[in-house]
Amino acid sequence: MSGLNSNTDEGTIKEALYPPPTYSAASRGIMGQRSKTSVQAIRKQVDQRIDQLEDEIRALKTHRNMVSDTSALPPEVLSSIFIILRELTGTSTGRYYYVSAAPWARVTHVCRHWRAVALDCPVLWSDLLFVSPTTTAMMLQRSKNAPLTVKFAANPVLYQDILCGIMSQTGRLRELELRSSSSSSTRIDFLEVLASLTTAPILEKLVLGGAAISEPRLPEDFLQDGAPSLRHLELTQFAVRWDPLPLSSTLVHLRLQNITTYRPLRKAFLESMSKMLRLETLKLSACLPQAGDVSHPSRSLPVSLPSLRILELQDSVAELCQFFRAAQIPRGVRVLVEASGANTQSETLGPLFSALKASWILRQGAELVPDSSLAQSEILDLRIVGSRYYFSEVKCWFKNHELPPIADDDDPPANLAVSVPISSNNPVVHTSLLTAIAEGFDISSLHTLKIASKTSMPDEAFALFKDLNKLDAIAISTNHYNLTRFFQALKKEGASPSTPSFPALSSVHLHFIDFDEMQRGNAHAAVRNLIKDLKHREESCPISELSITQCINFSMAHWEALSESFQEDVEVDWDEDENILAPDSEDENNYPGIDWYDEEVWSGMYDDYW
């Protein structure tokens, strides 16, 4: 026994030579043979016995699992649990399955009972994975006749045959999302894949995402036999043709993004709109009828969209005006408009807002009501935001609606959001847009103004707001130039020589302002000017609240000087976030013994900067 590694090895060999009485008689009979039986015969007997014992062990393990609490659940209950698990870990997240296997599939490896229940649950496999063509084919087979959910964004070359096979099962499609790539090698051939989809009786959601470079189109006979259950339809980056679209009365969500110059006839467009009485979300990009199209629908105008809640339109000013003149928009709708094209001056934006106001606010049924009786035309919160550099975007919240906190521009969403392009040669906030809004709606009740644009805001834009008697809160974000312009406007006279500008102003909020935006080491001077301007305001109409959050090149020393300059009744708040990026050569430490806030030392040093 000198070669044994442990007592276990020695004990195992001993038991093999002298099997204990606890072993079964069959095993002891084989192990206790002392005759001259051939080695092959003994090994055959041993292998047979091992197979028998392994079968017994599997049966015992299965029996042990069968007496557990989970195995007592009826198969239909266990199936429901599996489906909920799939929704929690898979499709409910909105991700597309083409990277890795879904974690919920591990339920098939727990025990025989769970695997049998899972494999016999078609719904569990009906949300198809695109991990590999083999996996997709296996799931399609296991789903039997269950309604299918297809979310595809993988390489269509690998799945072309499977996709065509899935599309041929038109009676099973419930949700279909196909998203193509801009790459020529991974672009979906929609004409081929959708060729057999002429009817879809249970289809509820259809999302097709194309690629602008290929101008994808729908087959001419696409769903020509109907999709009576369709509620959600999206075509993005598509060559949209109006006639093949399945625009039924069941639609709740419609989004179309056209990448061609094709436009539907006004008659066909308005007749389709008039049938979609359940429509809650309408998003159209370059899909409105051509301006000047005089074709008239058989129904009387305006076309009513009584269930609408969200309206997003992207088109030229002329097409937008024509749409609003022909449509009636419920007052509770959230409206987002992007006017494309270069012709977006005040003389063209004015008619747009007049048409919008008549369609959205003034019209009740086919009649117009007096503007003075409607509170919705009163804007209480207006924000100039800059999510895109060469666009001016303005968001408005109206009276009798929930207003957002000063730091959040999206929750709740704005009642009205309008954006127009601006010149790349002169990237300033579009004054004509603000003028058109001020003339088209009532800004006299404005309480909050936020300027969070990356582009500069000219003096003429500030002039639109400086005499408002209810504007009590102003927030400046991102652009220090706009902060400078604001304080310049603050120093001007108001509506009369005895009235200050911004007469009701009580709160000023600064967010993400770089006090050394030009990287010239001027942060100290910028804070000095801020203190000076606010102290000047104390003489006429002092503010009661000042907040500074996430600002750059604003230090504790700046904060202390700012706090000491105010009266005790002024609420001053800073998040103590020091993000100093100013050049070291201009740092205050290079001026030992000098008080940076000493007026005699710093007076005039940065006059050229301002």
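Residue indices begin from 1 for each chain and proceed along its sequence in written order. Predicted model: local features are reported for residues with pLDDT of at least 70 only, side-chain atom pairs are reported and counted for 80 or more only, and whole-chain, interface and lining totals are derived from all residues. Remark: hydrogens and water are excluded; side-chain values derive from all non-hydrogen atoms of the structure.

Considerations on the overall build of the chain
Working definition: helices are DSSP H or I runs of at least four residues, strands are E runs of at least two. Numbering for both runs from the N terminus. Check the secondary structure of the chain and you find 17 helices and 20 strands. Each residue gets one of three labels from its accessible area relative to the maximum for its type: buried under 20%, exposed over 50%, partly exposed in between, using a 1.4 Å probe on protein chains only. Counting all 610 residues of the chain, 46% fall into the buried class. Note on contacts: a residue pair qualifies if any of its non-hydrogen atoms lie within 4.5 Å across the two residues. Residue pairs at least 24 apart in sequence account for 68% of intrachain contacts in the chain once pairs closer than 6 positions are excluded. Carbon and sulfur atoms form 50% of the exposed surface of the chain, whose accessible area is close to 29,900 Å². We get accessible surface area from the Shrake-Rupley algorithm with a probe of 1.4 Å; when it comes to residues, only the shown protein chains can shield them.

Some points on the pairing of strand β13 (residues 379–385)
Taking burial as the measure, the seven residues of β13 include seven buried ones, the bulk of the element. At least two bridges found by DSSP between two strands is the condition for calling them paired. In the sheet, β13 pairs with strand β14 (residues 391–398) via six bridges, with the strands oriented antiparallel. Bridged to D381 within β14 is W397. With five bridges joining them, β13 and strand β16 (residues 448–452) adopt parallel strand pairing. Paired with V385 across the two strands is A452, which belongs to β16.

Describing the environment of S359
Structurally, the position occupied by S359 is in helix α11 (residues 346–362). Along the primary structure S359 and R331 are separated by 28 residues, whereas in three dimensions their C-alpha atoms are 9.1 Å apart. If we ignore the near neighbours within four places in the chain, the residues touching S359 are F324, A327, Q328 and I329.

Things to note about the packing of aromatic side chains
Here a pair means two rings of Phe, Tyr or Trp (six-membered ring of Trp) with centres within 6.5 Å. Their orientation is stacked below 30 degrees between planes, edge-to-face above 60, and tilted elsewhere. Enumeration according to the criterion identifies 18 aromatic pairs in this entry. Ring centres of F486 and F487 lie 5.2 Å apart, and the angle between their planes is 55°; on these two criteria the pair is classed as tilted. Residue F486 shares its accessibility class with F487, and that shared class is buried. Aromatic rings pair up to connect W242, F269, F323 and F324 into one cluster. A cation over a ring is seen here: R142 above W125, with NZ or CZ 4.7 Å from the ring centre. Sitting over the ring of W397, R383 keeps its end group 5.2 Å from the ring centre. Over a ring means this: the NZ of a Lys or the CZ of an Arg is within 6 Å of the ring centre and within 35 degrees of the ring normal.

Considering helix α5 (residues 112–119)
Inspection of α5 places H113, W114, V117 and A118 among the buried residues, and these make up the whole buried set. Down the axis of α5, the smallest arc covering the buried residues is 130°, so these residues share one side. The directions from the helix axis to the C-beta atoms form the arc being described.

Brief notes about the side chain of D533
Checked against the element boundaries, D533 lands in helix α15 (residues 523–538). Look past the residues within four positions of D533 in its chain and what remains in contact with it is F487 and K491.

A short note on the packing of α15 against helix α16 (residues 556–564)
Comment: axis = line fitted to C-alpha atoms, over the contacting stretch for helices; angle = value between 0 and 180 degrees taken between N-to-C directions. With their axes 10 Å apart at the nearest point, α15 and α16 run at an angle of 15° to one another. If you check the angle between α15 and α16, you find them roughly parallel. For the element pair α15 and α16, the recorded crossing hand is right-handed. Contact residues: α15 offers A523, H524, V527, L530 and I531, while α16 offers H558, A561 and L562. Residues are grouped as follows: Ala, Val, Leu, Ile, Met, Phe, Trp, Tyr, Cys and Pro are nonpolar; Asp, Glu, Lys and Arg are charged; every other residue, Gly included, is polar. Broken down by class, the residue content of the contact of α15 with α16 amounts to six nonpolar, two polar and no charged. Roughly parallel means an angle under 35 degrees; roughly antiparallel, over 145; roughly perpendicular, 65 to 115; everything else is oblique. We call a crossing left-handed when the near helix sits turned anticlockwise from the far one by less than a right angle, and right-handed when that turn is clockwise.

Examining the pairing of strand β2 (residues 173–179)
The sheet contact formed by strand β1 (residues 148–152) and β2 spans five bridges and is parallel. For T149, the partnering residue across the bridge sits in β2 and is E175.

A look at the layout of surface pockets
Reported here for the largest pocket is a volume of approximately 330 Å³. Lining the largest pocket are 17 residues, and of these E312, L313, Q314, L336 and E338 lie nearest its centre. Listed by contribution, the elements that provide at least two residues to the lining of the largest pocket are β5 (253–258), β6 (281–285), β8 (310–316), β10 (334–340) and β15 (416–421). Classifying every residue of the lining of the largest pocket gives seven nonpolar, four polar and six charged. Grid points spaced at 1 Å and placed over the protein atoms alone form the basis of the search, with a cavity being a set where a 1.4 Å probe fits but cannot get out and a pocket an open set showing protein on both sides within 12 Å along at least five of seven lines. Lining residues have an atom within 4 Å of a point. Grid points are joined across faces, edges and corners, and a volume is the space filled by probe spheres set on the points.

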